Amino acid sequence: MNRNRYSSHTIMSSKEFYDGFLSGNAKSRDSKHHKYATLRSHFKDSGMKLKIVSVLLPCVLLLHRISPMLQTVKAPSEFSLCTDPDDCSLKIPKIIHQTYKDEILPPEWKDAPSHWERTHPGWEYMYWTDRRNREFIEKEYPWFLPTFDAYPNGIQRADAIRYFILYHYGGVYADMDVDPLRSVEPMLANSEAMVSETPNLGLTNAFMSSTKHSDFFRFVIDRLQRHSSPLLGRLSRHWAIMLSTGPTFIWLRHHEYLKTKRSNPNYVQVDRMPAWVWGKCKICDLECTPSADSYFQHTIGDSWHHWDSWLFNYVIFCHWELMVLLAYTSCLLVDKYILQVFPAFFDQTWMVAYVGALVLLA
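Since we're looking at a predicted model, the values are computed, not measured.

**Some details on the overall build of the protein**
Part 1 of the reasoning: Scanning the protein from N- to C-terminus turns up 14 helices and 8 strands.
Part 2 of the reasoning: Taking all 362 residues of the protein together, 41% fall into the buried category.
Part 3 of the reasoning: Counted over contacts in the protein with a minimum sequence separation of 6, partners at least 24 positions apart contribute 77%.
Part 4 of the reasoning: Of the roughly 21,100 Å² of accessible surface on the protein, 59% is carried by carbon and sulfur atoms.

Here you go:
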């Protein structure tokens, strides 16, 4: 008897609990629908703002694309690092460093050594092969040899060695595709350390100079080991090179070094050579013609590039405005035909505007 009453009570309680659970779920669903409806209403009220953004975005991107055409181009001869004309001497050693895997240069670079010697009489020219590079590290900086040998790509060793060479000897380092037209002495006068800007983004290690035992390049080589295996490099060969030894590496180390100015008693001024001075053109430019007073002409380079470098440089970087616009347009189309959160404003008028913008950006 007690058992039946207990069972009946239990069943009643379970049923009431189940009914309450369903009721709670219904209320929860109603609450969610209400929140969704409120959110949807908010987006509808913001429809005009979204229309404005949709018109301004392609206009801003188009303006950014054509802005280089509106800039005034300066002559390289107008640039000088000298603050005092009476004290404007060359502080770096007169040594030119270049490196290649062996003694046999490809046709497009075979005249590079003779061009440097012809335009820089009285300078010493030092040519570095892969074999000579390793022997130099083994003899002078054996602590770095395990890291040097462990680099999976030859270009990483070619990148790393240039920092050691400049620290050890001083002078000028230049990639093989940097072909001199005249002496760099006026450009580098009064400079103790120099890194060059790229018109693409940030700094590059294609052209650098330094006094012997410069504190900046000591700072750089001391950080090569800790950055030898960057996390992003596990996803892409391109970023493994860029972040461990390449242009992005020197750009980030330069930024770090600037922060040591107050605490470092051996701090040296690191000059930044503008791209328009040393004549570096954008990687996206189809043509690169030197001006009358240019220091260099630039031949075919980027010999280390693989498919991922081509993708990042020539597809994404050179067409980032188009990528942004395509991504935004894709989001609007997905919403119109799938999510349907925003008001239906993406009609033929906006489609025509975006198609026109896409054509111009492409």
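**Details of the pattern of salt bridges**
Part 1 of the reasoning: Scanning all chains against the criterion turns up 12 salt bridges.
Part 2 of the reasoning: Of the charged contacts, one joins K91 and E192 as a salt bridge, the two residues approaching to 3.9 Å between their closest N and O atoms. Note that K91 is positioned in the loop between α2 (47-70) and β1 (95-99) and E192 in the loop between α7 (185-188) and β5 (193-197), a separation of 101 residues in sequence.

**A closer look at the environment of V172**
Part 1 of the reasoning: With respect to the helices and strands, V172 occurs in strand β3 (residues 171-174).
Part 2 of the reasoning: Accessibility expressed as a relative area gives 0% for V172, which makes it buried.
Part 3 of the reasoning: If near-sequence neighbours (up to four positions away) are discounted, V172 is found in contact with I92, I95, I96, H97, W123, L166, V184, L188, F207, M208 and S209.

**As for the environment of D175**
Part 1 of the reasoning: Inspection of the secondary structure assignment puts D175 in the loop between β3 and β4 (178-180).
Part 2 of the reasoning: In this structure D175 comes out as buried when scored by relative accessible area, which is 17%.
Part 3 of the reasoning: For the pair D175 and H298, spaced 123 residues apart in sequence, the C-alpha to C-alpha distance is 9.7 Å.
Part 4 of the reasoning: If we ignore the near neighbours within four places in the chain, the residues touching D175 are Q98, R162, N205 and A206.
Part 5 of the reasoning: There is a polar contact of 2.7 Å between the side chain of D175 and the side chain of Y173.

**A word on the packing of aromatic side chains**
Part 1 of the reasoning: Overall, the coordinates contain 18 aromatic pairs when judged by the stated rule.
Part 2 of the reasoning: For the ring pair Y163 and F249, a centre distance of 5.9 Å and an interplane angle of 45° mean the geometry is tilted. Placement of the pair is Y163 in helix α6 (residues 154-169) and F249 in helix α10 (residues 247-258), with a sequence separation of 86 residues.
Part 3 of the reasoning: Accessibility expressed as a relative area gives 0% for F249, which makes it buried.
Part 4 of the reasoning: Ring plane angle 70° and centroid distance 5.0 Å describe the contact between F216 and F217, whose orientation is recorded as edge-to-face.
Part 5 of the reasoning: The structure contains a cluster of three or more aromatic residues connected by ring pairs, namely W128, F136, Y141, W143, F144, F148, Y151, F164 and Y169.
Part 6 of the reasoning: Over the face of the ring belonging to W128 we find R132, whose NZ or CZ atom lies 4.1 Å from the ring centre.
Part 7 of the reasoning: Positioned over the ring face of F219 is R223, at 3.5 Å from the centre of the ring.

**A look at the packing of helix α9 (residues 237-244) against α10**
A pair of packed helices is captured by two measures, namely the crossing angle of their axes and the spacing between those axes.
Part 1 of the reasoning: Running from N to C, α9 and α10 point in directions that differ by 35°, and their axes come no closer than 4 Å. As for the relative orientation of α9 and α10, their crossing is right-handed in sense. In contact with W239, M242, L243 and S244 of α9, α10 contributes P247, T248, F249 and L252.
Part 2 of the reasoning: Looking at the contact of α9 with α10, its residues break down into 6 nonpolar, 2 polar and no charged.

**Thoughts on the sheet that holds strand β7 (residues 271-273)**
Part 1 of the reasoning: Spatial ordering of the open sheet is given by β2-β1-β3-β6-β5-β7, a layout of 6 strands whose pairing is mixed. Edge strands, defined here as strands with exactly one partner in the open sheet, are β2 (124-128) and β7. Here the strands of the sheet are splayed against their neighbours by 25° on average, with no regard to which way each runs.
Part 2 of the reasoning: Bridge count for β1 against β3 is 2 bridges, and the pairing is parallel. Bridging across to β3, I96 finds its partner in V172.
Part 3 of the reasoning: Sheet strands in contact with helix α3 (residues 112-119) are β1, β2 and β3, and its direction is about 170° off that of β1.
Part 4 of the reasoning: The sheet contacts of α6 involve β1, β2, β3 and β6 (203-210), and relative to β6 the element is tilted by about 20°.

Rules of the game
Residues numbered from 1 in each chain as written. Predicted model: local features only at pLDDT ≥ 70, side-chain atom pairs only at ≥ 80, totals over all residues. Heavy atoms only, no water. Helix = DSSP H or I, 4+ residues; strand = E, 2+ residues; numbered from the N terminus. Buried < 20%, exposed > 50% of the residue type's maximum accessible area, 1.4 Å probe, protein only. Contact = heavy atoms within 4.5 Å. Areas by Shrake-Rupley, 256 points an atom, 1.4 Å probe, with all protein chains shown as cover. Salt bridge = Lys/Arg side-chain N within 4 Å of Asp/Glu carboxyl O. Polar contact = N/O pair within 3.5 Å; in protein donor to acceptor, adjacent residues only side chain to side chain. Phe/Tyr/Trp six-rings, centres within 6.5 Å; stacked < 30°, edge-to-face > 60°. Lys NZ or Arg CZ within 6 Å of the ring centre and 35° of its normal. Axes fitted to C-alpha atoms, helices over the stretch in contact; angles between N-to-C directions. Left-handed = near helix turned anticlockwise from the far one by under 90°. Nonpolar A, V, L, I, M, F, W, Y, C, P; charged D, E, K, R; others polar. Pairing = 2+ DSSP bridges.

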